[in-house]
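# Per-entry structural report
Each chain is listed here by its residues.
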Amino acid sequence: MNKLNYGHTKKDFDKFDRDNPQIYKYFVSFSKTAAVNNSNYSARGIFHRIRWETSVNTQDQDFKLNDIWTAYYARKFMKDCPEYEGFFRLRKENDPRFI
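Residues numbered from 1 in each chain as written. Predicted model: local features only at pLDDT ≥ 70, side-chain atom pairs only at ≥ 80, totals over all residues. Heavy atoms only, no water.

## Describing helix α2 (residues 21-35)
Residues spaced three or four apart along an α-helix face the same direction, because each turn holds 3.6 residues. With 15 residues, α2 extends 22 Å between its outermost C-alpha atoms, agreeing within 8% with the 21 Å of an ideal straight helix rising 1.5 Å per residue. Among the residues of α2, those classed as buried are Ile23, Tyr24, Phe27, Val28, Phe30, Ser31 and Ala34. (Helix = DSSP H or I, 4+ residues; strand = E, 2+ residues; numbered from the N terminus. Expected span 1.5 Å × (residues − 1). Buried < 20%, exposed > 50% of the residue type's maximum accessible area, 1.4 Å probe, protein only.)

## Some words on the nonpolar core
Counting residues in each nonpolar core, the largest one holds 24 residues, and the members touching the most others are Phe27, Ile50, Leu65, Trp69, Tyr73, Phe77 and Phe88. If one sorts the elements of this core by residue count, α2 sits on top with 6 residues. (Core = buried A, V, L, I, M, F, W, Y, C linked by side-chain atoms within 4.5 Å.)

## Some remarks on helix α3 (residues 43-56)
In this model α3 runs 20 Å from its N-terminal to its C-terminal C-alpha over 14 residues, within 8% of the 20 Å that 1.5 Å per residue would give. Those residues of α3 that sit buried are Ala43, Ile46, Phe47, Ile50, Glu53 and Thr54. Angularly, the buried residues of α3 cover 120° about the axis, an arc narrow enough to put them on a single face. Residues of α3 that are buried sit in contact with α2 and α4 (70-80). By the N-cap criterion, in which a side-chain oxygen at the helix start approaches the backbone nitrogen of a residue two or three places on, α3 is capped by Ser42, the distance to Arg44 being 3.2 Å. (Arc of directions from axis to C-beta. Contact = heavy atoms within 4.5 Å. Polar contact = N/O pair within 3.5 Å; in protein donor to acceptor, adjacent residues only side chain to side chain.)

## Things to note about the side chain of Asp17
Among the structural elements, Asp17 can be located in helix α1 (residues 10-19). Classification of Asp17 as buried rests on a relative accessible area of 11%. A polar side-chain atom of Asp17 sits 3.4 Å from a polar atom in the side chain of Tyr73. Apart from residues lying up to four places away in sequence, Asp17 is in contact with Tyr24, Tyr73 and Lys76.

## Observations concerning the pattern of salt bridges
Counted by the stated rule, this structure contains 6 salt bridges. Note that Lys15 and Asp19 form a salt bridge whose closest N and O atoms lie 3.0 Å from each other. On the criterion of helical spacing, the pair formed by Lys15 and Asp19 is a turn pair, its members being 4 residues apart in helix α1. Given a relative accessible area of 36%, Lys15 falls into the partly exposed group. Here Asp67 ties to Arg44 by a salt bridge, and the two come within 3.5 Å at their closest N and O atoms. With a gap of 23 residues between them, Asp67 in the loop between α3 and α4 and Arg44 in helix α3 connect regions that are remote in the sequence. For Arg44, a relative accessible area of 43% corresponds to the partly exposed category. A single network of salt bridges, built from pairs that share partners, joins Arg44, Arg51 and Asp67. (Salt bridge = Lys/Arg side-chain N within 4 Å of Asp/Glu carboxyl O.)

Given below as structure tokens:
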């Protein structure tokens, strides 16, 4: 996993996502698991589970998963998996960070 300094824009997210593809794989898997018994859930909760998996099951103790990415991953997940639209509650996309 890459430990790079990233900004907070969509472009920065796209780079982080490309550099760390396993994070989205975890996000999708854990979100679908959470959806079995929940009509909506917390993207931040999914991130906490990813942190658990990456800290317990990897050797990279320096990797940090910043909460700034939660909304980006939630949006990506619901776009890629439209059957889960609305599973995560989000702020409006006109927030300048998401442009």
